[in-house]
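Chain residues, written in single-letter form:
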Amino acid sequence: MLAGRRVVLAVSGGVAAFKAAFLARRIIEAGADVRTVMTDSACRFLGPQTMAALTGTPPVLDLFDQEDVSPHTSLARWADAIVVAPATAATISRLANGLSDGALAATVLAAKCPVVVAPAMHTEMWEHPATTRNMATLRSDGCVIAGPVSGALAGGDEGPGRMLEPEQILEILAGVFTPGPMEGWRVVVSAGGTREAIDPVRYVGNRSSGKMGNAVAVAAADAGAAVTLVTTVAAPSHSRIDVVPVESAQEMAEAVWAAATGSDVAVLAAAVADFRPADPVTGKLRRAQGPPEINLEPTPDILAGVAAMENRPYLVGFAAEVGSLEGAIDKAQRKGVDLLVANDIAKPGSGFGTETNEVTLITPDGATLPWEMLSKPAVAEKLVAEIVRRRGAAGSS
Ligand code: CTP
């Protein structure tokens, strides 16, 4: 449930802060990205360098003297969840009262995501009516409370106030995420137009912008899938998208076939060259040599390769047609896809590089389902929902 999630670990200053280092490691092992924010007192118990080394990112320590002009809102927007561990009595009081006088409390106040609070303090402080009041406020604000438990405390004390162990906090943290409809699925997406070398400078290419494929990758990742995006263009940054940059049809074929093995879904949105120069020249072609004669040879059919796989993924192809969609209906019937997404690039708002798309879904039996013109991200979201429904209905999920 934590794979690909972004978790902010907020550490305040108690002796249990050392356990935050273990917690950071456990959350990372569960597949999440972790960033940290630490109070001044937390830094007395646990070195910020330790957290930087464990998570790969230096902790946010204060609201000022940072490159980012608004570190708390940046961190809060980045987070899928925040876990405050340990949460001292002072930090709990700040959070309960919205007192955003430091980076930690300001980050929590700016966050819209779930917040898990793991209190740790001496029994007297935990049992004080002020703390009881503050905890009631946090509960009614929607925070998920993790612990504390009874046990050995700092200074030889014993009683309620001991922070939960990292494994227990991890379990509670995992529970705050509602699984997306593609949670646990592996999805491969191809995007962009391939470039087939003529010489080191020139290539045979096409007008694909990669926007539709990128949008599908993001929509699938947002739905919980672990996505491999094989692309010839700049890719979106997303914690659940693994980008494989390629250029030619050959490179794309190798990357897609490798990723498709064991995947649940393949969405091949790339515009792949059908032919490539048979003998690309190693040196630059010179004008003085006159017009070159370029012999072409077929490229691998990536889609056909996936369609022929044993236990192949649910396969979605794209077809950019000009004028009528008759050719796309024929493709849906003969290419071995489960679903074909066709569009008429001659229609305004539906071509290469546009922000919108007007697509028609075609199934192998030739049935067509036209959709209204939508933004490419909206088409992608609808397509992901459609894939979930159809793949589920086919009994393969
Ligand atoms: N495709 C592929 N490998 C190729 C060519 C195309 O995987 N070498 C995929 C595309 O990513 C797309 C689908 O096949 O999902 C349909 O692409 P398209 O170019 O429309 O198919 P073609 O059979 O090449 O059709 P046409 O006769 O129109 O060229």
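Caption draft 1: The arrangement of the sheet that holds strand E16 (residues 314–321) in detail. Across the sheet, eight strands lie side by side as E12-E11-E8-E13-E16-E17-E19-E20; this open sheet has mixed pairing. Where the open sheet ends on each side, the last strands, each with one partner, are strand E12 (241–245) and strand E20 (368–370). Each strand of the sheet is rotated relative to its neighbour by a mean of 20°, with strand direction disregarded. Both strand E8 (residues 186–191) and strand E13 (residues 265–268) contribute to a ladder of four bridges, which runs parallel. Residue pairing across strands places valine 188 opposite alanine 266, the latter belonging to E13. Its contacts with the sheet place helix H11 (residues 249–260) against E8, strand E11 (226–231), E12 and E13, and it is angled at close to 165° to E8.

Caption draft 2: Spotlight on the domain arrangement of the protein. Parsing the protein into structural domains produces domain 1 (6–176) and domain 2 (186–394). Measuring from the centre of the C-alpha atoms in domain 1 to the corresponding centre in domain 2 gives 44 Å.

Caption draft 3: Inspection of the site of the ligand at higher detail. The local shell around the ligand holds 15 residues, among which Leu268, Ala270, Leu303, Lys331 and Lys335 are the closest. Note that an oxygen atom of the ligand is positioned 3.0 Å from one of the side-chain N or O atoms of aspartate 274. Backbone polar atom of isoleucine 302 to a nitrogen atom of the ligand: 3.0 Å apart, as the coordinates give it. Within the complex, 77% of the 580 Å² of free accessible area of the ligand lies under protein. Residue assignment for the shell around the ligand shows that the elements contributing at least two residues are helix H12 (302–307) and E16. Of the residues forming the shell around the ligand, the biggest block, three residues, is contributed by E16. In terms of residue class, the shell around the ligand is built from nine nonpolar, two polar and four charged.

What counts, and at which threshold
- Residues numbered from 1 in each chain as written.
- Predicted model: local features only at pLDDT ≥ 70, side-chain atom pairs only at ≥ 80, totals over all residues.
- Heavy atoms only, no water.
- Pairing = 2+ DSSP bridges.
- Helix = DSSP H or I, 4+ residues; strand = E, 2+ residues; numbered from the N terminus.
- Axes fitted to C-alpha atoms, helices over the stretch in contact; angles between N-to-C directions.
- Contact = heavy atoms within 4.5 Å.
- Domains from an automatic or database assignment.
- Near = heavy atom within 4 Å.
- Polar contact = N/O pair within 3.5 Å; in protein donor to acceptor, adjacent residues only side chain to side chain.
- Areas by Shrake-Rupley, 256 points an atom, 1.4 Å probe, with all protein chains shown as cover.
- Nonpolar A, V, L, I, M, F, W, Y, C, P; charged D, E, K, R; others polar.

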